[in-house]
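A look at the structure
This is what each chain is made of:
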Number of protein chains: 2
Amino acid sequence: MATPMGRRTGRPRAVTEQAILDAALWQLDGGGADAVSIRGIAAQVGIAPNAVYTYFPSKAAVLRALVERFLGDVNHDRFIDRELPWRERVEALALELRTHLVAHRGAVQLLLGGPMDGPNALTLRESLSEALADGGSTPDDAARASYVLLVYIFGAIALEVAELDQRRIAPTERDRVSTRRAVLDTISAEDYPRTTETAGTISKDFTTEQFLWGLTRILNGLQA
Amino acid sequence: MATPMGRRTGRPRAVTEQAILDAALWQLDGGGADAVSIRGIAAQVGIAPNAVYTYFPSKAAVLRALVERFLGDVNHDRFIDRELPWRERVEALALELRTHLVAHRGAVQLLLGGPMDGPNALTLRESLSEALADGGSTPDDAARASYVLLVYIFGAIALEVAELDQRRIAPTERDRVSTRRAVLDTISAEDYPRTTETAGTISKDFTTEQFLWGLTRILNGLQA
DNA sequence: CCATAATATGGACGGCGTACAGAAAGAAGT
DNA sequence: ACTTCTTTCTGTACGCCGTCCATATTATGG
């Protein structure tokens with residue numbers, strides 16, 4: 001009972017949860033959500049696959065922690081500044097979220113796959129709701145409106161990256177299928193573009209404009 | 001060259017593509033998108049797993065066809081009726097889509113996972129865009145607006161079912177994880193509710209109201 | 001120096017998608 | 001009717017996955 005705190009005894013850990021999440025994020029960026037595997041993570045950090053279960057109880061838990069980390073990494077600076085008009089703040093946050101989602105585009109599948117109930121997720125929803133309340137909404141309407149906004153932001157990126165991932169055709173696609181029958185294959189994670197390094201090239205042109213167009217319309221509707 | 005048409009020679013097929021998609025849909029409803037497996041489908045229709053590859057070139061192709069079938073099953077009746085005011089038509093379609101998505105809630109992951117480029121998907125987008133054009137939008141704006149609407153509809157269901165699936169805790173969740181460390185597990189497809197039979201119970205209460213609230217606000221914003 | 005406790009590893013199990021080779025089963029040509 | 005051809009189906013196998021069990025490792029507290 002004399003030890004200062006925390007870990008008392010036993011073999012020291014070889015890595016950290018953060019290192020594991022780093023590896024997971026790397027795999028996510030490199031091959032999409034399906035490419036995140038316990039075995040891959042373990043290989044990357046240099047431990048046996050099952051050793052991961054000392055840090056997280058299951059793969060699902062790893063993914064949940066990854067989502068939390070992702071949400072914790074979005075830049076809230078411009079959003080926190082309560083001097084700015086509320087719309088500007090909301091738009092800044094939406095764009096910031098979008099930027100991060102495009103940079104780690106595999107994350108959107110994870111975001112939409114689980115309930116947004118982690119601390120960072122709740123903080124995000126809450127502060128978004130606050131900003132909308134500053135715009136004159138009742139607290140109840142602000143909560144609803146923040147939900148609508150989150151749905152739009154995540155949904156838009158989901159459809160966008162789905163369209164982006166399309167291109168590639170699977171290398172192993174024999175025409176076992178008889179004669180005609182035009183069912184084709186699409187994505188196959190063959191040389192998935194590591195978006196962390198190419199983020200700028202995608203977003204600038206059409207899609208951000210479309211995204212902002214919808215965002216402002218929605219905000220118009222929410223304000224009235 | 002004398003045969004009437006279609007299949008000319010060879011061993012007859014044991015099942016049909018539709019039977020395979022039926023089985024896939026059954027698995028989808030029973031265990032979510034992750035529970036759809038080639039082996040499971042094959043077992044259900046009574047063929048060897050690899051025989052499926054005579055009908056579809058890959059699992060991805062099966063899922064794509066499943067999405068198309070899903071979209072083809074939505075009821076367009078009230079939507080097609082050009083006598084109704086455009087807003088009513090759009091709302092009817094949105095609700096119809098929502099109903100189908102809640103009935104087969106595993107489908108939303110598939111919808112958002114791939115590009116919406118199948119025939120039925122394009123038809124949907126196009127006719128939605130038409131209705132919006134009836135509301136006075138320019139064709140360009142109507143296309144953008146229909147995109148926003150689809151994003152909202154799919155995104156809303158995605159977040160909704162994510163929250164629904166949460167509950168269950170994994171049966172195999174030892175506390176290997178040391179001492180505290182509060183990372184829990186969630187979904188585990190253990191007795192996944194077969195939504196086709198329970199569809200009515202979920203949607204009626206809070207969520208449809210919330211959905212409609214957002215929908216009308218968005219339509220307000222799109223109209224202005 | 002020993003007991004204890006946390007962590008890491010080796011190995012295995014069952015399940016997945018799917019590739020390959022060969023067997024089955026009708027249709028067409030003689 | 002027999003043979004050939006064509007398509008589909010099956011047996012088998014490979015590599016990958018998540019995760020469990022038993023065991024070995026390596027610290028700390030007495």
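Residues numbered from 1 in each chain as written. Chains lettered and ligands numbered in written order. Predicted model: local features only at pLDDT ≥ 70, side-chain atom pairs only at ≥ 80, totals over all residues. Heavy atoms only, no water.

What to know about the overall build of chain A
Helix and strand counts for chain A come out as 10 helices and 0 strands. Evaluated residue by residue, chain A yields a buried proportion of 48% over its 224 residues. Of the contacts made within chain A by residues no fewer than 6 positions apart, 69% connect residues no fewer than 24 positions apart. For chain A, the computed accessible surface area is about 11,300 Å², with 54% contributed by carbon and sulfur atoms. (Helix = DSSP H or I, 4+ residues; strand = E, 2+ residues; numbered from the N terminus. Buried < 20%, exposed > 50% of the residue type's maximum accessible area, 1.4 Å probe, protein only. Contact = heavy atoms within 4.5 Å. Areas by Shrake-Rupley, 256 points an atom, 1.4 Å probe, with all protein chains shown as cover.)

Details of the pattern of salt bridges
Residues and elements named next belong to chain A. Taken as a whole, this structure holds 18 salt bridges over all chains when the rule is applied. The partner of Arg69 in a salt bridge is Asp73, and the shortest N-O contact between them spans 3.9 Å. The class for Arg69 is partly exposed, based on a relative accessible area of 22%. (Salt bridge = Lys/Arg side-chain N within 4 Å of Asp/Glu carboxyl O.)

Some thoughts on the UniProt feature "DNA-binding region" (unreviewed entry) in chain A
In the numbering used here, UniProt assigns the feature "DNA-binding region" (unreviewed entry) to residues 37-56 of chain A. Segment residues 37-56 of chain A splits into 40% helix and 0% strand. End C-alpha atoms: 13 Å apart. (UniProt positions renumbered as here; feature names shortened; annotations may be inferred.)

Focus on the packing of aromatic side chains
A complete count under the given rule lists 2 aromatic pairs over all chains for this structure. Judged by centre distance (5.5 Å) and plane angle (15 degrees), the rings of Tyr152(A) and Phe211(A) are stacked. Here Phe211(A) lies in helix α10 (residues 206-223) and Tyr152(A) lies in helix α8 (residues 139-165), a separation of 59 residues in the sequence. By relative accessible area, which is 1% here, Tyr152(A) ends up buried. Positioned over the ring face of Phe211(B) is Arg98(B), at 5.3 Å from the centre of the ring. (Phe/Tyr/Trp six-rings, centres within 6.5 Å; stacked < 30°, edge-to-face > 60°. Lys NZ or Arg CZ within 6 Å of the ring centre and 35° of its normal.)

Let's talk about the confidence of the model for chain A
On average, chain A scores 86 in pLDDT, and the residues at 70 or more come to 80%. Note that pLDDT drops below 50 for residues 178-184 of chain A; the model gives that stretch 12 contacts with residues more than four away or on any other chain. (pLDDT = per-residue confidence, 0-100.)

Side note on the environment of Val74(A)
Residue and element names in this part refer to chain A. With respect to the secondary-structure elements, Val74 resides in the loop between α3 (59-72) and α4 (77-80). Of the residues examined, Val74 reaches a relative accessible area of 6% and is grouped as buried. A C-alpha to C-alpha distance of 9.7 Å links Val74 and Leu124, two positions 50 residues apart in sequence. Sequence-distant contacts of Val74, defined by excluding residues within four places in its chain, comprise Leu97 and His100.

Points about α8(A)
Residues three or four positions apart in an α-helix share a direction because the helix packs 3.6 residues into each turn. Under the 1.5 Å per step criterion, the end-to-end length of α8(A) is 39 Å for 27 residues, consistent within 8% with the ideal 39 Å. Burial runs high along α8(A): 21 of the 27 residues are buried. (Expected span 1.5 Å × (residues − 1).)

Looking at the packing of helix α5 (residues 86-103) of chain A against α10(A)
Residues and elements named next belong to chain A. Relative orientation of the contacting elements α5 and α10 amounts to 140 degrees, with a least axis distance of 11 Å. Crossing handedness for the pair α5 and α10: right-handed. Contacts from Trp86, Arg87, Val90, Glu91, Ala94, Leu95 and Arg98 in α5 reach Thr207, Thr208, Phe211, Leu212, Leu215, Thr216, Leu219, Asn220 and Gln223 in α10. Of the residues that constitute the contact of α5 with α10, the class distribution is 8 nonpolar, 5 polar and 3 charged. (Axes fitted to C-alpha atoms, helices over the stretch in contact; angles between N-to-C directions. Left-handed = near helix turned anticlockwise from the far one by under 90°. Nonpolar A, V, L, I, M, F, W, Y, C, P; charged D, E, K, R; others polar.)

Some details on the side chain of Ser146(A)
Residues and elements named next belong to chain A. Structurally, Ser146 can be placed in helix α8. In this structure the side chain of Ser146 is engaged in a polar contact, spanning 2.8 Å, whose partner is the backbone oxygen of Ala143. Beyond its immediate stretch of four places on either side in the chain, Ser146 contacts Arg125, Leu128, Ser129 and Leu132. (Polar contact = N/O pair within 3.5 Å; in protein donor to acceptor, adjacent residues only side chain to side chain.)

As for the environment of Glu17(B)
All names here are of chain B. As for its position among the elements, Glu17 is in helix α1 (residues 17-31). With 48 residues separating them in the primary sequence, Glu17 and Ala65 have C-alpha atoms 9.3 Å apart. In this structure the side chain of Glu17 is engaged in a polar contact, spanning 3.4 Å, whose partner is the side chain of Arg13.

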